[in-house]
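What follows is each chain in one-letter form.
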Amino acid sequence: MKYRLSFIGIISLIAIILVSLVMFFSPNLFDFSHHKFRFPQIDTIGHFTSFFLLTWFVHSLLKISLGRTIITLMLYGALTEFGQHFLVYRQGDITDYIADVFGILFFALLKFLYTLVKKKMTKSSTIKQINIQ
């Protein structure tokens, strides 16, 4: 079952990357500028959320260690922002990169806290089992 979940995770990640590339290289296809909804922080929230989810996918579904995932995705975020300087319709922004890093580190913090709680719960249940016997 683990192999099937990992395979589905890899296929999902490939699909997300392909859709992102299509959206990235064809900005006129997804032009939402005519909508009345204006929220200036939506770009930053999008960067934070997308890198949080990307970290979760890479670490959980592809079974890559958390340390390597953090370093790799921080480098990936920096390279994408740097690469945007060479595109006519995009521009790199340091605040976008900071949002990327915060998204990555927020996942790492949640994973760390989850691991601590899980260890504490396991330890307390083991102690209760010893006391009962």
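None of these values were measured; they are calculated from a predicted model.

### Focus: the overall build of the protein chain
For step 1, the next point in the chain: Of regular secondary structure, the protein chain possesses four helices and zero strands.
For step 2, the next point in the chain: Beginning at the N terminus, the succession of helices and strands in the protein chain can be written as α-α-α-α.
For step 3, the next point in the chain: When the 133 residues of the protein chain are sorted by exposure, 19% land in the buried category.
For step 4, the next point in the chain: Long-range contacts, defined as pairs at least 24 residues apart, comprise 64% of the intrachain contacts of the protein chain with a sequence gap of at least 6.
For step 5, the next point in the chain: Split by element, the accessible area of the protein chain, about 10500 Å² in all, is 73% carbon and sulfur.

### Section: the packing of helix H2 (residues 42-61) against helix H3 (residues 66-83)
For step 1, the next point in the chain: Close contact between H2 and H3 brings their axes to 10 Å; oriented N to C, the two are set at 140°. One element, H2, and the other, H3, form an angle in the oblique class. In this structure, the crossing between H2 and H3 has a hand that is right-handed. Every residue of H3 that contacts H2 at His47, Phe51, Leu54, Thr55, Val58 and His59 is listed here: Leu66, Thr69, Leu73, Tyr76, Gly77 and Glu81.

### Re the packing of aromatic side chains
For step 1, the next point in the chain: In total, this model carries five aromatic pairs according to the counting rule given.
For step 2, the next point in the chain: Each ring, one from Phe51 and one from Tyr76, has its centre 6.0 Å from the other, and the planes form 35°; the classification is tilted. Residue Phe51 is located in helix H2, and its partner Tyr76 is located in helix H3; the two are separated by 25 residues in the primary sequence.
For step 3, the next point in the chain: A relative accessible area of 7% means that Phe51 is categorised as buried.
For step 4, the next point in the chain: Aromatic pair Phe52 and Phe106: ring centres 5.7 Å apart, planes at 40°, arrangement tilted.

### A short note on the confidence of the model for the protein chain
For step 1, the next point in the chain: In the predicted model, the protein chain carries a mean pLDDT of 80, and the fraction of residues at 70 or more is 73%.
For step 2, the next point in the chain: H3 holds the highest mean pLDDT among the elements of the protein chain, 93, whereas helix H1 (residues 2-25) holds the lowest, 69.

### Here's the deal with the side chain of His59
For step 1, the next point in the chain: By the element assignment, His59 lies in helix H2.
For step 2, the next point in the chain: With sequence-adjacent residues up to four places away left out, His59 is seen in contact with Ile64, Ser65, Leu66, Thr69, Phe107 and Lys111.

### Quick look at the nonpolar core
For step 1, the next point in the chain: Counting residues in hydrophobic clusters, the biggest one holds eight residues: Leu13, Phe51, Leu54, Val58, Ile70, Leu73, Ile104 and Ala108.
For step 2, the next point in the chain: If one sorts the elements of this core by residue count, H2 sits on top with three residues.
For step 3, the next point in the chain: Residue contacts for Leu54: discarding those within four places in its chain leaves Leu13, Leu73 and Tyr76.

### Re H3
For step 1, the next point in the chain: Compared with an ideal rise of 1.5 Å per residue, which puts 18 residues at 26 Å, H3 spans 25 Å between its outermost C-alpha atoms and is within 8% of the ideal.
For step 2, the next point in the chain: Of all the positions in H3, only Thr69, Ile70, Leu73, Gly77 and Glu81 are classed as buried. Buried residues of H3 fall within an arc of 100° about the axis and therefore sit on the same side. More than 90 degrees from the buried face of H3, the exposed residues found are Arg68, Ile71, Leu75, Leu79 and Phe82.

The rules behind the values
- Residues numbered from 1 in each chain as written.
- Predicted model: local features only at pLDDT ≥ 70, side-chain atom pairs only at ≥ 80, totals over all residues.
- Heavy atoms only, no water.
- Helix = DSSP H or I, 4+ residues; strand = E, 2+ residues; numbered from the N terminus.
- Buried < 20%, exposed > 50% of the residue type's maximum accessible area, 1.4 Å probe, protein only.
- Contact = heavy atoms within 4.5 Å.
- Areas by Shrake-Rupley, 256 points an atom, 1.4 Å probe, with all protein chains shown as cover.
- Axes fitted to C-alpha atoms, helices over the stretch in contact; angles between N-to-C directions.
- Parallel < 35°, antiparallel > 145°, perpendicular 65-115°, else oblique.
- Left-handed = near helix turned anticlockwise from the far one by under 90°.
- Phe/Tyr/Trp six-rings, centres within 6.5 Å; stacked < 30°, edge-to-face > 60°.
- pLDDT = per-residue confidence, 0-100.
- Core = buried A, V, L, I, M, F, W, Y, C linked by side-chain atoms within 4.5 Å.
- Expected span 1.5 Å × (residues − 1).
- Arc of directions from axis to C-beta.

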